[in-house]
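# Observations on chain architecture
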Amino acid sequence: MAYTSFRIPQKLQELEKKLLERTKLSKATFHREAISWFLQGDKKIDIELLERYKRIGYNNVKEMTNIKEPVREKLEEVAKENNCSIGVVFTQALLDYCCAQAPLVLPEDIVIIKND
């Protein structure tokens with residue numbers, strides 16, 4: 001298992017912290033679950049995320065995690081398939097998992113905006 005750091009959006013890290021506080025999970029467990037959930041899904045990288053990831057300042061906070069080598073290899077494979085970095089894949093996995101967990105864990109903090 002190797003410690004790795006990625007740059008992620010500050011707002012994503014803030015959401016992650018709220019979820020961690022509420023669920024009482026360790027950050028390592030939360031990351032493992034997020035990556036596992038992503039790898040079991042469609043492994044889709046959002047084009048808008050990819051474009052934002054390339055902009056300076058979008059990913060402005062460091063997120064430390066530890067990833068076992070077999071899992072890292074799977075993330076690198078997804079990155080290669082999507083022509084992006086493993087950091088983009090990690091960010092997408094974390095974003096997807098946080099968005100899936102937030103309505104369940106933080107229902108009172110969720111605001112739904114309806115476009116008419």
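Placed above this text is the structure.
Residues numbered from 1 in each chain as written. Predicted model: local features only at pLDDT ≥ 70, side-chain atom pairs only at ≥ 80, totals over all residues. Heavy atoms only, no water.

## Details of the overall build of the protein
Counting its secondary structure elements, the protein contains five helices and two strands. Secondary structure elements of the protein, listed N to C terminal, follow the sequence β-α-α-α-β-α-α. Out of the 116 residues belonging to the protein, those deemed buried represent 39%. Here the analysis covers contacts within the protein between residues at least 6 apart in sequence; of these, 83% occur between residues at least 24 apart. Carbon and sulfur atoms provide 52% of the accessible area of the protein, an area that totals close to 7,500 Å². (Helix = DSSP H or I, 4+ residues; strand = E, 2+ residues; numbered from the N terminus. Buried < 20%, exposed > 50% of the residue type's maximum accessible area, 1.4 Å probe, protein only. Contact = heavy atoms within 4.5 Å. Areas by Shrake-Rupley, 256 points an atom, 1.4 Å probe, with all protein chains shown as cover.)

## What about the pattern of salt bridges?
For the structure on display, the rule yields three salt bridges. As a salt-bridge pair, Glu63 and Lys27 come within 3.5 Å of each other at their nearest N and O atoms. Here Glu63 is found in strand β2 (residues 61-67), whereas its partner Lys27 is found in helix α2 (residues 27-40), with 36 residues between them in sequence. The exposure class of Glu63 is buried, given its relative accessible area of 0%. Look at Lys27 and you get partly exposed, because its relative accessible area is 32%. In this structure, Glu76 and Arg72 form a salt bridge, with 3.2 Å as the shortest nitrogen-oxygen distance. In this pair, Glu76 and Arg72 both sit in helix α4 (residues 69-81), four residues apart, roughly one turn of the helix. (Salt bridge = Lys/Arg side-chain N within 4 Å of Asp/Glu carboxyl O.)

## With respect to the packing of helix α1 (residues 10-23) against α2
Where α1 meets α2, the axes come as close as 10 Å, and the angle between the chain directions of the two elements is 110 degrees. Between α1 and α2, the interaxial angle falls into the category roughly perpendicular. When you trace α1 past α2, the crossing you get is right-handed. Within the contact between the two elements, α1 uses Glu16, Leu19 and Leu20 and α2 uses Lys27, Phe30 and His31. For the contact of α1 with α2, the per-class residue count stands at three nonpolar, one polar and two charged. (Axes fitted to C-alpha atoms, helices over the stretch in contact; angles between N-to-C directions. Parallel < 35°, antiparallel > 145°, perpendicular 65-115°, else oblique. Left-handed = near helix turned anticlockwise from the far one by under 90°. Nonpolar A, V, L, I, M, F, W, Y, C, P; charged D, E, K, R; others polar.)

## A short note on α4
Taking 1.5 Å of rise per residue, the 13 residues of α4 would be expected to cover 18 Å, and the 18 Å separating its terminal C-alpha atoms lies within 8% of that figure. Along α4, the residues classified as buried are Arg72, Leu75, Val78 and Ala79. Here the buried residues of α4 occupy an arc of 120 degrees about the axis, which is enough to place them on one side. Away from its buried face by more than 90 degrees, α4 exposes Pro70, Lys80 and Glu81. Buried residues in α4 make contact with β1 (2-8), α2, β2 and α5 (86-105). The first or second residue beyond α4 is Asn83, which carries a positive phi of 55 degrees. (Expected span 1.5 Å × (residues − 1). Arc of directions from axis to C-beta.)

## Points about the environment of Phe30
Looking at the secondary structure, you find Phe30 in helix α2. Linking Phe30 and Thr65, residues 35 residues apart in sequence, is a C-alpha distance of 9.9 Å. Beyond its immediate chain neighbours, meaning those up to four positions away, Phe30 contacts Glu16, Leu19, Leu20, Leu25, Leu94, Tyr97 and Cys98.

## Describing the environment of Asp46
Structurally, Asp46 can be placed in the loop between α2 and α3 (47-54). The sequence separation of Asp46 and Asn82 amounts to 36 residues, and the corresponding C-alpha distance is 9.9 Å.

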